[in-house]
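Overview (structure and organization)
Below, each chain spelled out in residue letters.
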Number of protein chains: 2
Amino acid sequence: MSLLVVGSIALDTVETPNDKAVEILGGSATFISSCARYFVQPVRLVGIVGSDFPQEHLDYLKNCRIDLEGLQIRNGEKTFRWGGKYDEHLSGRDTLFTELNAFETFDPVIPEPYRQSDYVCLGNIDPGLQLRVLDQIRGPKMVVGDTMNFWIKGKKDELLKTIKRLDVFILSDSEAQMLSGTKNLFAAGSKIIEMGPPTVVIKKGEHGALLMTKDAMFTAPAYPIEAVYDPTGAGDAFAGGFLGWIAKTRDHSFENLKRAVIYGNVMASFCIEKFSVDAIRNLDETDISERVKTIHELSKFEPV
Amino acid sequence: MSLLVVGSIALDTVETPNDKAVEILGGSATFISSCARYFVQPVRLVGIVGSDFPQEHLDYLKNCRIDLEGLQIRNGEKTFRWGGKYDEHLSGRDTLFTELNAFETFDPVIPEPYRQSDYVCLGNIDPGLQLRVLDQIRGPKMVVGDTMNFWIKGKKDELLKTIKRLDVFILSDSEAQMLSGTKNLFAAGSKIIEMGPPTVVIKKGEHGALLMTKDAMFTAPAYPIEAVYDPTGAGDAFAGGFLGWIAKTRDHSFENLKRAVIYGNVMASFCIEKFSVDAIRNLDETDISERVKTIHELSKFEPV
């Protein structure tokens, strides 16, 4: 069993109503692999940084036993930087700046040993690059992909091609609405399944997540967090927990996809409690399983 | 066991993106009792209409075996009329007109035989009137109350007095956010419990509902409806199903409150499928229990 993660690695500058952090470790591949590594080791990471990428972050990733053979360090260039500011309720956010730097010319070349990866998680990058990754992979057992509004608006044709090749398409509620042209999320999910991916997960923040296939549906509550600190990376943490669980169990049944959604929600709930990967740095199995148990408790009922 | 409903009875003019209906039967007491009557009979209704109130609507309520001893028919006056228009997604709505008519001077006098009611549902009316109802009731087993943004803005002091006397306070997500000053619904629920009501239910539309006490929480998904026809009355239908179930079972345990939330969600899911009470006119027990079963199926999972 092997899990490959392809996505961005960034230095984020984040402003929330309560706090601000400058050039902290971020990026979709960072959050995904930081969570997936609790389920499978080593996670294989493909991404790019500049030569200014701090050694402490490399050390962190290595300490997580994340395999960095696929990490490109571009000499003389700078790492991708993103700056964002959240509104007072931590729900909406404005992008303050995007400096692509080395990421602008990122060509996701998959090292030969990685091409046999059983599980592939395509973090939110240009759907053209996601396709390019898939063209290099041989016979994966499951491919999961994420996206964002930016690509739905700007590269819809390529995105539609990419999602046809996914086993599981993960997107947020607002992205699902934008892509389907439908506000109602049940209807949006049905429409997106018709676009190709047999399984769709719609992330709904504090309302949890919706797992849909053509024939089945599962609604998972979020783990209740009253005081969100920084939502950055929550969707990626979800993807990491989700695919991590499936890769660990190698069980693709709907019953087990349901559990994977719960693990996704749990990893997202940790992620939003602190800046960057701070709250997902040092978890143990009990931390994670306790939250799974809590979600089970707060969603179960017995009809008479 | 006896269930008393106090609220508005209205003639609604509703515009949706697909259809329009003029002067159809509406009002909080109408929807609540139309749903509660599937669980307990007779439901006792206290409300007011004018002498123009169509006989067919009186016949409908009578056929539902709703006890109309407490219905005031004000001679020479007109029935409360409300007009609203929904946005293209059926989520937001504008009030086009409000003609209070007989409802403006509504004094909810509770007929002597009703004052011993075990279960009381206070539909969305002026919180001062809700208090006036409670002052007339002797030793109820459970009082459930609803409200709306209008009273949170305009009569907050009276509302805060009223909710201290409720056993269960039911409100929508946006109302909970407004009343608590908090966007996060878990935090909003906690704050509202501190205001007095030991149990709070936050209705979240297609995201289901959140049941909270000081010590426990339950998240219930909505019954999935892809094509909402008219959301009017959904919140009242929820209250009717919720309290109807509790009144029927006379079980106030948290486990049973959870079931009540599911029945509330199911009744709301029927309500929004047609205009007015059209979709909740002729249900049978199986229609209702099938949807309860569906919600159970789509929310259950087994952690390993």
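Note: the structure precedes this text.
Residues numbered from 1 in each chain as written. Chains lettered and ligands numbered in written order. Predicted model: local features only at pLDDT ≥ 70, side-chain atom pairs only at ≥ 80, totals over all residues.

**Description of the pairing of strand S3 (residues 20-26) of chain B**
Residues and elements named next belong to chain B. Alignment of strand S2 (residues 10-15) against S3, held across 5 bridges, turns out to be antiparallel. Opposite alanine 10, over in S3, you have glycine 26 as the bridge partner. Hairpin connection from S2 to S3: 4 residues lie between these consecutive antiparallel strands. (Pairing = 2+ DSSP bridges. Helix = DSSP H or I, 4+ residues; strand = E, 2+ residues; numbered from the N terminus.)

**A closer look at the sheet that holds strand S11 (residues 199-203) of chain A**
Residues and elements named next belong to chain A. Taken in spatial order, the 9 strands of this open sheet run S5-S4-S1-S8-S9-S10-S11-S12-S13, and their pairing is mixed. Looking at which strands have only one partner, the edges of the open sheet turn out to be strand S5 (66-74) and strand S13 (217-220). Between one strand and the next, the sheet's axes are offset by a mean angle of 15°, whatever the strand orientation. The pairing of S11 with strand S12 (residues 209-212) spans 4 bridges and is antiparallel. The residue of S12 that forms the bridge with valine 201 is leucine 211. The strands touched by helix H8 (residues 234-249) are strand S1 (3-6), strand S8 (119-122), strand S9 (142-146), strand S10 (168-172) and S11; relative to S9, the strand with the most contacts, the crossing angle is about 175°. (Axes fitted to C-alpha atoms, helices over the stretch in contact; angles between N-to-C directions. Contact = placed C-beta atoms within 7 Å.)

**Looking at helix H7 (residues 185-194) of chain A**
All names here are of chain A. Burial in H7 covers these residues: Leu185, Phe186, Ala187, Ala188, Gly189 and Ile192. Packed against the buried residues of H7 are S10, helix H6 (173-180), S11 and S12. Just downstream of H7 lies glycine 196, where phi reads positive at about 145°. (Buried ≥ 20, exposed ≤ 12 C-beta atoms within 10 Å, placed from the backbone.)

**A short note on the pairing of strand S9 (residues 142-146) of chain B**
Residue and element names in this part refer to chain B. In terms of burial, S9 is largely enclosed, as 4 of its 5 residues are buried. Pairing between strand S8 (residues 119-122) and S9: 4 bridges, direction parallel. Looking across to S9, one finds that valine 120 is bridged to valine 143. Sheet topology note: the S9/strand S10 (residues 168-172) ladder contains 3 bridges and is parallel. Across the sheet, the residue bridging to glycine 145 is phenylalanine 169, located in S10.

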